[in-house]
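Tertiary structure, described
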Amino acid sequence: MAGVVLSLASCRDKHEEWIGDSISFETSIGTKAFLNSTADLNTTGSKIQVYDILNNFTGTINGNEYNNQTALYFSEELAYNGAEWEFQDLTYRWTRTGIHNFFGWLVYDAKSSMYSSDKVNPSFSNYVLTIPSKTITASSDQFDFLYSRNEVVRDAAAKNYATVPLNMAHLFSAVAITVENKSNDPVRLNSISLPNLPVMNGSATIDFTPDGRTAPVVTYTAPTTGATKFFTNPIPAGGKALDSKNGTNKKVNAFTGEYVASSEPNDFRILWPLGSTILSPTTDNTHAGSGDKWNDSVNDPADSLIRLSYQFTVTPEGGGDPITIVRDDIGVKFPNTVDFAPGKKTAINITLNDKVVDLTFIVQEWDVHEMPIDFSTQSATVTSPWSFIPGTYDSNVGKNYYIDGAKPIQGTFSITNPVGANIYVQPIGDASYFDVSIDHDTVDPTVDLGQITVTVTPKTSMNPTTAKHLQLSFTLVNGLQEINIDSEVRFISEGYNIIWSN
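Residues numbered from 1 in each chain as written. Predicted model: local features only at pLDDT ≥ 70, side-chain atom pairs only at ≥ 80, totals over all residues. Heavy atoms only, no water.

Summed over the entire model, instances satisfying the criterion amount to 34 aromatic pairs. With 4.5 Å between their ring centres and 35° between their planes, Phe74 and Tyr92 make a pair best called tilted. On the criterion of sequence distance, the pair formed by Phe74 in strand β4 (residues 64–80) and Tyr92 in the loop between β5 (85–87) and β6 (93–95) is long-range, its members being 18 residues apart. Like Tyr92, Phe74 is buried. Ring centres 6.0 Å apart and planes at 65° place the aromatic pair Phe434 and Trp500 in the edge-to-face group. (Phe/Tyr/Trp six-rings, centres within 6.5 Å; stacked < 30°, edge-to-face > 60°. Helix = DSSP H or I, 4+ residues; strand = E, 2+ residues; numbered from the N terminus. Buried < 20%, exposed > 50% of the residue type's maximum accessible area, 1.4 Å probe, protein only.)

Pairing between sheet strands relies on hydrogen bonds along the backbone, with the strands arranged either parallel or antiparallel. In space, the four strands of this open sheet follow the order β27-β30-β33-β32, with antiparallel pairing throughout. The open sheet is flanked by β27 (381–388) and β32 (434–439), the only strands paired with a single partner. Across the sheet, the mean angle separating the axes of adjacent strands is 15° when strand polarity is ignored. With six bridges connecting them, β32 and strand β33 (residues 451–458) associate as antiparallel partners. What sits directly across from Ile438, in β33, is Val454. (Pairing = 2+ DSSP bridges. Axes fitted to C-alpha atoms, helices over the stretch in contact; angles between N-to-C directions.)

Our focus in this paragraph is empty space enclosed by the protein. Overall, the coordinates contain one cavity of 30 Å³ or more when judged by the stated rule. Here the largest cavity defines a volume of roughly 50 Å³. Residue lining of the largest cavity: Lys119, Val120, Lys134, Ile136, Ser140, Asp141, Phe143, Phe172 and Ile270, and that is the complete set. Of the residues belonging to the lining of the largest cavity, the class tally is five nonpolar, one polar and three charged. (1 Å grid on protein atoms, 1.4 Å probe; cavity = no way out; pocket = protein on both sides within 12 Å on 5 of 7 lines; lining within 4 Å. Points joined across faces, edges and corners; volume = space filled by probe spheres on them. Nonpolar A, V, L, I, M, F, W, Y, C, P; charged D, E, K, R; others polar.)

Structure representation (structure tokens):
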């Protein structure tokens, strides 16, 4: 990844073990050090602690003699000056012997004016960085602690004097929670909380032992619930009116209780990472199969972490006075495919779809991309439309892709919703001349980020005398619901053709 290069011109100890090249560093310029911000790590004044541990070193460092031993070459701070990262007053050059092991972590976040010593209190001993027990709530200072996800190992004998990349990783996870009315009628939200979310007290160790590894070993303790909750219900007495799906004030921030526009960026809050077994307990859903969506949520196991209360008004069939229906302390269960992973931000939108509670997730890499995962059952989310795999076809002219029958042709698309739905491909055209197979045939965003591979194999035993044409149509079957997704996959709508021409 491109970065800002730091050059060092001289050395504090001029002995025969040093060579002329100076050590230079770069950080991954795209790393976001600041939550809820587009700013990156390269902000004037930010500081990183950097270590270089030498293995098998022979020579003198600061008056200490080493004979094929492990030595601390330097432990210094890099600071960003607005143009580059630089050491404070000192410079270092490559050695003639030894194996360099570089690593580091964030000391000062200039954007938020927060120090790691104040916010996470790290300690370093015997190559292990320890983050002691820390209580995190949604109202805690949002300090995004970074450490180098890579240990850069350079053997002096190889004479590799290239820039040293320190690519930073995020220790914590982050979550945003909103509640949105997608029903045709207004509702009143009375409360929203996650009373048993076990993210209060946690700790971690990051082991940088210089034993030739290229990445540190990161270990988290299991977070435990304390008396203080991650956040408390922000909805005032009397509730919060949510407009219908076509209204303006239909969505609220669960941390603040304030209205937010659907187009607003999510308000993320840091928390300790959590696995799916913690987020999605295993109690059976006692309401599954009841068939009465007005009676209670079909997603209401007793150990659901998300709890909400709301009410709405219906008019009885045949007339009469409107009736207010109150749904109190409804439980919404996390799907077992979701976890709160380090370095990822999970946006949770709790939706009321015609009075039935549903969940939509967007799992976003802090530094890379978004992957939308919608756990509703009413729509399909295709994150990457159809694309032919290069090298599996002989040639193409526009949207026509040609094969000569000697090998299969393949293409892919990615789909993340509805989870668990079965995918069917229907060949259209000269279908009898081809075999069509699909891998994977179930929507599962945890497998290859939901990528589906389709293979079309010519039936060479048919030996056609004229060109044969094929198109592909795609359908999802989700329970009793059948959804055509041709407009999302965009094979037919883009006018693609597979042509077998001997």
